[in-house]
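Here is what each chain is made of, one letter per residue.
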Amino acid sequence: MKAPASLLFVVLFALLLPCRVVAQANRASLQENIQAGKERDKSQAVIRFQNKGKWEVNLVGRTSGGTLKMRREGQSGVYEYPLKDIALITFNLELDDVELNALFNAKKFKEVIKAIDEPTRDILRYMDIPNNANAYIMQMLRSLFWDKQYEEVIKTCENIMRPLRTVKGPEFVEAELMKILSLQAMGKTDLTARMLDKMDPVDRKDPLATLWFHSMATLHLSTNNWRQAAEFNAQLVAYGSKDFEWMPAGLFRSMEYYDTTTNYPVALQITEEMDIVAQNTDWALQAFDARPGIESREKAWKAKLKAEKESAAAEREKSPGKIDKTPTLLD
Amino acid sequence: MKISDVRKLEDWRRVPVLMAARKFPEAIQLIDIAVPIFRKYMDQYPQFKDFTEDSIFNRALCIHEQEQFDQSKEAFKQYLVQYNRGRHRKPAVILWADAHAAKEEWEDVLKVGGRVYKEITLNLRENLAVYGLMGEAHFQLEHWEQAIEPLYWTFRNGSGDERIGAATYLTICLVRLKEFKKLYEFVPFVYKTPARYDLGLQMALVEEGDEFYDDAKSDKALLLFRLVYKKSELLIQLDALLNDLEQNKRRMLSAEKTKAGQTLASKARRYDRSIKRAKEQLVELKEFEDYDQEIDIRIGNCYFELKRYLEALYTYHAIYEDYPDDELAQQALYSCFTTAFAMKDIDRALHHAYEYVDAFPPPKSAFWDTITLNIATIHVEREEWQKAIDIAEKAIKLKPDHSVVDNMIYIAGYSHFQLSRIIKAMKKFEVIFEAHPRSQFLQPAQYWHAQGHLFEANYTPGREELLEFVDSYSIGPLYEDAYYRLGMAFYGEGDFTNALSTFQAFVGEFPESILRSEAHAFGGDILASWGDVHLDTALEQYKLGVETAVTMVQTDYATMAMARLFELESNHEQIIELWSSYLIKHPEEGNFTEAIYWIGASHKNLNNWEKALNTFYDGVVKYGDDPYLYGIDMILRDVATEFENLPDINSPTFDPSKVDRANMDLLLSLKKRLRDEMMSAGKQRRLTLLMRLAALFYSITSEGGSDAGILSAFMRESYITNAGPISLVMMGREAAKRGNMDMANRIYDHFLEEHHSSDLALEALKGVAEAKMEQGKFDEAAVYLADIANRFATMEDAAWANLRLADIYTKKRKFEAAEALYTLVASVKEWSGEATPEALYGLGQAKLAQGKTDEATAYFENIYILYGGGYPAWGVKAYIARARALRKMGRTDDARTILQEMVDNETLAKMPGAKEARDLIAELR
């Protein structure tokens, strides 16, 4: 174990860095340095400072005063830097985007969770600082949701949201929406209604709009407000057609709406579309199961219309004089 | 071996080092020196055979690394010719293919690649290189089907960019092959990588989508169009993709520099090709016209065609929001309107139509004419007349050369007509006559213009125009209608003979007409007006009116007319029979509560009080809670009169011999039953019934009684909608009595809005007019007074309304109008009565106000001479008014004389104004 860095060392080192942030670096406590020394075998991340300086570091923690504590690779001293001086943290994560996406698309959610969870567990508290891990964490969150681990989603969301509360960037909004969706899945309608009410609407151009549309539609469906739900589903489909994660849900619910409003051919067309665009999703399977029912309703509906038409024709036959021929503007 | 050769070969050992340092020309130089030596001593040194082979391969590799592909192709070929089964056979073949690929000689890549597959076993890495190249070659040659297998294999077995590249090509192939299911298997993967921004992929999506779109296969087109990225986004992303590729290539080179000579060059080359492709795409994309809005419009159209209207609507609206200044924004917003219309969501359609009108006024508006016409038509259909007028006028004002200007003028005229602004309407129709004589709206304009005359009671010009119309157009629904109206015009002119014959001819010509019932009813009215001899024929006509009625209004009119005829003949049994059969046919529609009233009233006239009062009671209890059933109010009014006339048995003047005790008991019993019913209606929350009965008891009890209290409890805004007409009238009166004129106004406004066809509408109109006058809102009051004067012209209430109107004119010093009305009231026979002295008094006051005191005294004199006996109150007023006028003229003695004359009159001296007269006499002395 190396001795803690002396004040002189810190000052000298600061001179080497062409930035003012170094001047703000504080000498950390002895205990922290000892702890840091234990962890210094491998650098955890590369920090890029606003002044372009780059350090290989292990993160030790953060303070309530808005600073990040770190130990530089090969050194035992612990440094604190204000968050505003940090441009990016690149964590050394051995994660393969392509592979993770492939697993996710193949619905191997547990594998995605397993791959991401362990290396990112300690990173949640740094999510408010620009970094390369957030995308993975959000992918894990979505995997948890699709794996129906709703309680875990809620817990993770709350952990994510805590450090992000002051920033409220896209990760915060996504976590908030994922939490709402999980609560909705657990049937906690009133609570989610309040949460959605408090939230600002998400702009349709925002990639998170699909989640918002979906949760709004879910909320309205929970109160049997089909019409309003359909409005949100339609927006999900119209504006989120490249979101292959949520689009199937929008399509399925649109199909249900058209089915409910007796637009059976439209509903059937959507089931066919889902067979292509949402293949292998649960939504597509549900749509496939719904198809025979829609077909039979369509048949019955056509028969009813035919009968009504015939009856109206018979009625006209009986009393042709009852046709209202009063001149109107449209004449 | 010669020493010099040995030295040369020592240099040869530096070849790998030079190659690693990418010093390829130097390496080739050493190889070229070494190879002849190896060949020379090959027999002596067997290992030189291998050295020769290595050197020939390395030489080819060095050429290849210098990107001299024409030469490297030859060099690898030479190597393979010499070393058919050589040690470097596999990389040589791969790099040979790679050289062809670098020269974009895709057919050759396939030839070489195919040979590899026939003859050589490759490991995974080598396979990826060769198979990847073959996939790319097939792709470049647009062998979409053949490309799939190698690309799919590369996608499954490759890694990183290799995989993404294969997926991109594969996706394009699937788009080109229209293999939707397989396409969407890949798309979720590709669309999570930068490959989604590949212009080739985007162009494939657009081109294939267009093909489906043009073939009206909206479902398929939609699947492709939805994947297209916008140009603006692509430009940014292609730039980023280019940077990524360059960065990845550098990373790959630095990571794999130690493996030079195998697949590195090929990999780098593939990067280069991708970079070149991205650069070309970027240039190509920049030259493209903007297609973003066009694609979105097409997506919207696809949704529309598939009847997925909500999705279409949101898609269209986003175009307008995102590109408000673009040419297509107008089309998009217009499409929002048509989509909402197709959804039958007319409110939404109107919302978007007005959005368009506000956003794109002429001259930049492409759909102005169509959209304004549609808006106006919708308003007409919804009977939103003022809105129809506003949009029609705005449409023409902002675009005088509107393509359907005649239609818009006609709509404005028709709407004015519906708002009873007949003169304005007629003026609009006249514009069509003059400016658009060939318009298809000329005929209806002529029809409505003639109708306008009838509405304005100008029957002669109306009749003339209708005659001309009937002569000009002998077919169509307007002809039929005009024919009928012609009968009405004759009727209006007082030419009843022609009117009757026209109605009869109408019935003959149009036996199926929906107006037939009305023609019969009019005929009945004419015949009935000709006296007793024609009553039977009139009755026949009314019966035919009932039989041919197609609406409840027609049934009700003819039935009511029959009932009145029976009433004239005091034929109460017939009335009961008539309304009973009405109730059988229409148990709960039309005037069924009026029927109940008539039946009850007829029983009463037949002195069958028990049946009468039971009928009333049952009707009230059963239907009294519906404010729109006006027969209940008629019953309650009748009952109120009976209750008021009940003698007070506790009074000392009560004479039992003068009353029918049984009937009185029945009435008292009814009173009790209705009071009980009022209490139970309260408990059952039958508010309308409760309020009706409260109004009944309020009207027959003195102020401050408990019943007044019940009505008072309902003197709140929230109860107005529950109240039926009789309750509203009472509430209005009560509010006015309390001085709460705002409340009174609100009550009467609600009455006239909701219950204008009630028999009590007159009461409400009078109430509101009085309330307005009380508040000094004379202009507003004048509107209601004029309405009363017009709607109830034959009733005394019209005289009252005209007098109040004249009073207002006097106040406003519009003496000419005031005097005309006073004169009118004084001259109408039907209004003779108290209204006449009042009118004369008004005339006198008007003259006084103008300083014409002498003329005024003449009117006052006329009053007490002609009407003083019949209407002593007016006599007193006239005496006093004349005396004051005379005093003003300085004729004090004359003033005192006439006042003395008044107080000497026994009747007048007892009138309330007599004291004022006596005081004035004292003053004059």
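You'll find the structure just up there.
Residues numbered from 1 in each chain as written. Chains lettered and ligands numbered in written order. Predicted model: local features only at pLDDT ≥ 70, side-chain atom pairs only at ≥ 80, totals over all residues. Heavy atoms only, no water.

Draft legend 1. Fine view of the packing of helix α34 (residues 631-645) of chain B against helix α35 (residues 661-683) of chain B. Residues and elements named next belong to chain B. Remark: α34 packs on α35, axes separated minimally by 10 Å, with the N-to-C direction vectors making an angle of 125°. On the basis of the axis angle, α34 is oblique to α35. The crossing of α34 and α35 is left-handed. Residues Val639, Glu642 and Phe643 of α34 touch α35, and the partners they reach there are Leu667, Leu670, Lys671 and Leu674. The residue inventory of the contact of α34 with α35, partitioned by class, reads five nonpolar, no polar and two charged. (Axes fitted to C-alpha atoms, helices over the stretch in contact; angles between N-to-C directions. Helix = DSSP H or I, 4+ residues; strand = E, 2+ residues; numbered from the N terminus. Parallel < 35°, antiparallel > 145°, perpendicular 65-115°, else oblique. Left-handed = near helix turned anticlockwise from the far one by under 90°. Contact = heavy atoms within 4.5 Å. Nonpolar A, V, L, I, M, F, W, Y, C, P; charged D, E, K, R; others polar.)

Draft legend 2. Seen up close, the pattern of salt bridges. Under the defined criterion, the tally for this structure stands at 75 salt bridges over all chains. In this structure, Arg227(A) engages Glu231(A) in a salt bridge whose closest nitrogen and oxygen atoms are separated by 3.1 Å. With Arg227(A) and Glu231(A) both in helix α11 (residues 226-239) and four residues apart, this pair spans about one turn of that helix. A salt bridge links Asp638(B) to Lys604(B); the nearest nitrogen and oxygen atoms lie 2.5 Å apart. (Salt bridge = Lys/Arg side-chain N within 4 Å of Asp/Glu carboxyl O.)

Draft legend 3. Highlighting the nonpolar core. Among the nonpolar cores identified, the biggest contains 303 residues, and Leu183(B), Tyr184(B), Tyr191(B), Trp579(B), Phe643(B), Leu674(B) and Leu696(B) are the most heavily contacted of them. Counting residues per element, this core draws most heavily on helix α36 (residues 687-700) of chain B, which supplies 11 residues. Val57(A), Ile160(A), Leu164(A) and Ala209(A) belong to the second-largest nonpolar core, a separate cluster that totals 65 residues. (Core = buried A, V, L, I, M, F, W, Y, C linked by side-chain atoms within 4.5 Å. Buried < 20%, exposed > 50% of the residue type's maximum accessible area, 1.4 Å probe, protein only.)

Draft legend 4. The arrangement of the side chain of Thr52(B) in detail. Here Thr52(B) lies in helix α4 (residues 47-65). Those residues in contact with Thr52(B), other than ones at most four positions away along the chain, are Val35(B), Phe38(B), Arg39(B), Met42(B) and Tyr83(B).

Draft legend 5. The packing of aromatic side chains, seen in detail. One pass over the structure, following the stated rule, counts 75 aromatic pairs over all chains. Both rings, one in Phe469(B) and one in Tyr473(B), keep their centres 4.8 Å apart while their planes meet at 55°; by these two values the pair is tilted. Since its relative accessible area comes to 3%, Phe469(B) is described here as buried. Ring pairing ties together the aromatic residues Trp385(B), Tyr410(B), Tyr414(B), Phe417(B), Phe429(B), Phe441(B), Tyr447(B), Trp448(B), Phe455(B), Phe469(B) and Tyr473(B), which thus form one cluster. Over the aromatic face of Tyr239(A) sits the side chain of Arg204(A), whose NZ or CZ is 5.1 Å from the ring centroid. Over the ring of Phe643(B) we find Lys671(B); its NZ or CZ atom is 5.8 Å from the centre of that ring. (Phe/Tyr/Trp six-rings, centres within 6.5 Å; stacked < 30°, edge-to-face > 60°. Lys NZ or Arg CZ within 6 Å of the ring centre and 35° of its normal.)

Draft legend 6. Up close: the interface of chain A and chain B. Counting residues at the interface gives 42 residues for chain A and 47 residues for chain B. Between chain A and chain B, roughly 3900 Å² of surface is buried when both sides are summed, and carbon and sulfur atoms account for 59% of that area. Connecting chain A to chain B are nine salt bridges. Note that Arg348(B) is salt-bridged to Glu231(A), the shortest N-O span being 2.6 Å. In this assembly, chain A and chain B are joined by 18 residue pairs in polar contact (both at pLDDT 80 or more). Those elements giving two or more residues to the side of chain A that touches chain B turn out to be α4 (97-105), α11, α12 (247-260) and α13 (264-277) of chain A. No other element matches α11(A), which puts eight residues into the side of chain A that touches chain B. Among the residues forming the side of chain A that touches chain B, the class breakdown is 21 nonpolar, 10 polar and 11 charged. (Buried area = accessible area lost by both parts, 1.4 Å probe. Polar contact = N/O pair within 3.5 Å; in protein donor to acceptor, adjacent residues only side chain to side chain.)

Draft legend 7. Structural view of the packing of helix α17 (residues 309-322) of chain B against helix α18 (residues 327-342) of chain B. All names here are of chain B. Between α17 and α18, whose axes approach to 8 Å, the crossing angle comes to 155°. Judged by the inter-axis angle, α17 sits roughly antiparallel to α18. Between α17 and α18 lies a crossing of left-handed hand. Contact with α17, carried on its side by Tyr309, Ala312, Leu313, Tyr316, His317, Ile319 and Tyr320, involves Leu328, Ala329, Ala332, Leu333, Ser335, Cys336, Thr339, Ala340 and Ala342 of α18 and no other residues of that element. Considering only residue class, the contact of α17 with α18 consists of 13 nonpolar, three polar and no charged.

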